[in-house]
Amino acid sequence: MIYISKGTSKSSLHKPLKVTRCGKTVQLSGLQAELWRKGRYEFASAQTKAEEMALTSLSRAGLAEIQQENSAAFRYYALTSCVLCPTRRPDIGLTTGEKELLCWLKKAGLRMTVAELVYLRSRDIHPTRKLLRARNRQALVERIYNPHNIADNLLEQQMESAGCRDEVVSDLLSLLRKKRLVLL
């Protein structure tokens, strides 16, 4: 079982861990706090039944996204269930792919999903003035969605087999490790 943590923390390592997600704060301690910290910046895995039970509890609280297998497809699907929120850190020290994803996330005028980011990269669509900001939201939506992918979860399913899926997931995880991204 693999997982990735969701939410933000302002606590230090020595005090009880307080995690906030969507305006709700939860205090974690013991194994749950340890597991949440372990999955904060990357995918981690449960090794014991006790860890699996603690992760199930974290998942029910909305603080972890769990997948049964450790594969590229399952990591992709775990991230499709997360809200990608860029932080206010500078874009220094990022790769071209990371900078482009961060630009979409910061300037698109709407909350971008992992599937939408994979779609944009797979079609070689780059952030331009005509697609960025709230005033161009409709143009961006029309570039991504069409009658063949507009139905619920259809885009996510189609992008599962996109050649650049793993590259986008890797770049997003790199942004997470570099603290340029928070998962909610």
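Worth saying up front: this structure is predicted, and the values here are computed from it rather than measured. (Residues numbered from 1 in each chain as written. Predicted model: local features only at pLDDT ≥ 70, side-chain atom pairs only at ≥ 80, totals over all residues. Heavy atoms only, no water.)

A look at the layout of surface pockets
Selection criterion: Only protein atoms enter the 1 Å grid used here, on which a cavity is any set of points holding a 1.4 Å probe that cannot leave and a pocket is any open set flanked by protein within 12 Å on both sides along at least five of seven lines; residues with an atom within 4 Å of a point are listed as lining. Grid points are joined across faces, edges and corners, and a volume is the space filled by probe spheres set on the points. Note on conventions: DSSP H or I runs of at least 4 residues are helices, E runs of at least 2 residues are strands, and numbering of each starts at the N terminus. Amino acids outside the nonpolar list (Ala, Val, Leu, Ile, Met, Phe, Trp, Tyr, Cys, Pro) and the charged list (Asp, Glu, Lys, Arg) are all regarded as polar, and Gly is one of them.
Computed from the structure, the largest pocket encloses a volume of approximately 260 Å³. Forming the walls of the largest pocket are 16 residues, and the residues nearest its centre are Thr-8, Arg-40, Tyr-41, Leu-181 and Val-182. With three residues, strand S8 (residues 181-183) is the largest single contributor of residues to the lining of the largest pocket. Residue classes in the lining of the largest pocket are distributed as six nonpolar, five polar and five charged.

What about the nonpolar core?
Filter applied, for reference: We call a set of buried residues a nonpolar core when its members are Ala, Val, Leu, Ile, Met, Phe, Trp, Tyr or Cys and they connect through side-chain atoms within 4.5 Å of each other. Residue burial is assigned from relative accessible area. The probe radius is 1.4 Å, only protein chains are included, and a residue is buried under 20% of its type maximum, exposed over 50%, and partly exposed in between. The contact rule is simple, with two residues in contact once any of their heavy atoms fall within 4.5 Å.
In this structure, Trp-104, Leu-117 and Leu-172 are the most contacted members of the largest nonpolar core, which totals 39 residues. Listed by contribution, the elements that provide at least two residues to this core are strand S1 (2-5), helix H3 (72-80), helix H4 (96-107), helix H5 (114-122), helix H6 (137-144), helix H7 (154-159), helix H8 (165-177) and S8. With near-sequence residues (within four places) excluded, Leu-117 lies in contact with Leu-84, Leu-101, Trp-104, Leu-105, Met-112, Val-168 and Leu-172. If you look at the next biggest cluster of nonpolar residues, it comprises 17 residues, including Leu-35, Leu-58, Leu-63 and Ala-64.

Overview of the packing of H5 against H6
Note the threshold: A fitted line through C-alpha atoms represents every axis, and for helices the fit uses only the stretch in contact; the resulting angles, taken between N-to-C directions, go from 0 to 180 degrees. Oblique is the label for any angle not covered by the other classes, which are roughly parallel (under 35 degrees), roughly antiparallel (over 145) and roughly perpendicular (65 to 115).
Here H5 crosses H6 at 75 degrees, and the two axes come no closer than 10 Å. Compared by their axis directions, H5 and H6 come out roughly perpendicular. Along the contact surface, H5 presents Glu-116, Tyr-119 and Leu-120, while H6 presents Leu-140, Arg-143 and Ile-144. Residue composition of the contact of H5 with H6, grouped by class: four nonpolar, no polar and two charged.

Overview of H8
Heads up, the rule is: The span one expects for a helix is its residue count, reduced by one, times 1.5 Å.
The terminal C-alpha atoms of H8 lie 18 Å apart, and with 13 residues this matches the ideal 18 Å at 1.5 Å per residue to within 8%. The first or second residue beyond H8 is Lys-179, which carries a positive phi of 60 degrees.

A short note on the pairing of strand S6 (residues 64-67)
Which entries qualify depends on this criterion: Note on pairing: DSSP must find at least two bridges between two strands before they are called paired.
Burial of the side chains of S6 extends over both faces: Ala-64 and Ile-66 are buried on one face and Glu-65 and Gln-67 on the other. When S1 meets S6, the two strands line up antiparallel, connected through four bridges. By the bridge assignment, Ser-5 is partnered in S6 with Ala-64.

A look at the sheet that holds S6
Paired through backbone hydrogen bonds, the strands of a sheet run either parallel or antiparallel to each other. The three strands lie next to each other as S5-S1-S6, forming an open sheet whose pairing is antiparallel. Of all the strands in the sheet, just strand S5 (44-45) and S6 have a single pairing partner and so form its edges. Bridge count between S1 and S5: two bridges; the pairing is antiparallel. Of the residues in S5, the one forming a bridge with Tyr-3 is Ala-44. Along the sheet, helix H2 (residues 49-60) contacts S1, S5 and S6; its crossing angle with S6, the most-contacted strand, is approximately 125 degrees.

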